Amino acid sequence: LILIIFGFSNQIYAAHPGNDAYNKNDYELAEKEFERGLNNDPENGKVLYNLGNTFFKKGDYNKAIQAYNESLQYLPKSQLVDPYYNIGTSYLKQNDIKNAISAYQQVLKRDPDHLETKQNLELALRLKKMPQQSQSNSDGDENDEENEEQQQAAASESNESEEDQSNEEQSAAKEDEKDEQNE
């Protein structure tokens, strides 16, 4: 069963205490449950992926990237699109445009028609150009603040509310990660 909500891929394969906590927005408990699951099966790519989603929701993008990268080692090749997408989105949230672009390119190698990736890649490329334009207009800390404000403005424009979900394809980009709930 695949549901698209805010750009998330929500696949529920089986009951897992971490999934239950995650679905209740209890990310602290979800983290503990997924880590407990990894103690029993450290090579479970699905649990690593879900742990990455949990870190993403908590705003810990470095840990999310680490968990997604680890999940890539254990997931079947057919399931690598979502982790790469989430890696790109995590980097984009940190304004690490170069690594975001690289991760999104990995998605498009596997799924050239992945709409959300195309949108986020377009946003990343625009953000990459913005600092160059600003650097010619100003310098120093003022430039950094300006760039950050522009990037935040562009990123916030890309977020969608539930009411706007029907306008999903018209959105400039989505920054929410793919959310796959599974064992």
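(A) Spatial organisation of the packing of helix α4 (residues 61-74) against helix α5 (residues 81-93). For the pair α4 and α5, interaxial distance at closest approach is 9 Å and the crossing angle is 160°. Of the possible angle classes, the one that applies to α4 and α5 is roughly antiparallel. As α4 packs across α5, the resulting crossing turns out to be left-handed. For the pair α4 and α5, the contacting residues are Y61, A64, I65, Y68, N69, S71 and L72 in the first and P83, Y84, N86, I87, S90, Y91 and K93 in the second. A per-class count over the contact of α4 with α5 returns 9 nonpolar, 4 polar and 1 charged.

(B) The packing of helix α3 (residues 45-58) against α4, seen in detail. Direction vectors running N to C along α3 and α4 enclose 165°, while the axes themselves pass 8 Å from each other. Relative to α4, the element α3 lies roughly antiparallel. Considering only the axes of α3 and α4, their crossing is left-handed. Listed contacts from α4 to G45, L48, Y49, L51, G52, N53, F55 and F56 of α3 are Y61, K63, A64, A67, Y68, E70, S71 and Y74. In terms of residue class, the contact of α3 with α4 is built from 10 nonpolar, 4 polar and 2 charged.

(C) Structural context of helix α2 (residues 27-40). Between its first and last C-alpha, α2 extends 20 Å over 14 residues, near the 20 Å set by a 1.5 Å rise per residue. All buried positions along α2 are accounted for by Y27, A30, E31, E33, F34, G37 and L38.

(D) Spatial organisation of the pattern of salt bridges. Applying the stated criterion to the full structure yields 3 salt bridges. Note that E28 is salt-bridged to K58, the shortest N-O span being 3.2 Å. Taken together, the residues E28 in helix α2 and K58 in helix α3 connect sequence positions 30 residues apart. Assessed through its relative accessible area of 46%, E28 is described here as partly exposed. K58 serves as the salt-bridge partner of E31, at 2.2 Å between the closest nitrogen and oxygen. Of this pair, E31 sits in helix α2 while K58 sits in helix α3, and the two are 27 residues apart along the sequence. Several salt bridges converge on common partners, so that one network encompasses E28, E31 and K58.

(E) Structural detail: the side chain of H114. Residue position: H114 is located in the loop between α6 (97-110) and α7 (115-137). Owing to a relative accessible area of 7%, H114 belongs among the buried residues under this scheme. At 2.5 Å, the side chain of H114 and the side chain of T117 are in polar contact.

Reading the values: rules and limits
Within each chain, residue numbers correspond to sequence positions counted from 1 in written order. Reporting in this predicted model follows two pLDDT cut-offs: at least 70 for local features of residues, and 80 or more for side-chain atom pairs to be given and counted; totals over whole chains, interfaces and linings ignore these cut-offs and use all residues. To obtain the side-chain values, all non-hydrogen atoms of the structure were included, while hydrogens and water were left out. Note on geometry: axes are lines fitted to C-alpha atoms, helical ones only across the stretch in contact, with angles between N-to-C directions running from 0 to 180 degrees. Helical segments are the DSSP runs of H or I of at least four residues, strand segments are the runs of E of at least two, and each set is numbered from the N terminus. The labels follow the angle: roughly parallel below 35 degrees, roughly antiparallel above 145, roughly perpendicular from 65 to 115, and oblique for the rest. By definition, turning the near helix anticlockwise from the far helix through less than a right angle yields a left-handed crossing, and turning it clockwise yields a right-handed one. Note on definitions: a residue-residue contact is assigned when non-hydrogen atoms from the two residues lie within 4.5 Å. Amino acids outside the nonpolar list (Ala, Val, Leu, Ile, Met, Phe, Trp, Tyr, Cys, Pro) and the charged list (Asp, Glu, Lys, Arg) are all regarded as polar, and Gly is one of them. In this scheme, a helix's expected span is set at 1.5 Å multiplied by one less than its residue total. For each residue, the accessible area found with a 1.4 Å probe, counting protein chains only, is set against the maximum for its type, and the residue is called buried under 20%, exposed over 50%, and partly exposed in between. The salt bridge definition used is simple: a Lys or Arg side-chain nitrogen within 4 Å of an Asp or Glu carboxyl oxygen. Each polar contact in these results corresponds to two N or O atoms within 3.5 Å; when the atoms are within protein, one needs to be able to donate a hydrogen and the other to accept it, and residues that are neighboring in sequence are counted only if both atoms are side-chain atoms.

Read these as geometric descriptors, not functional statements.
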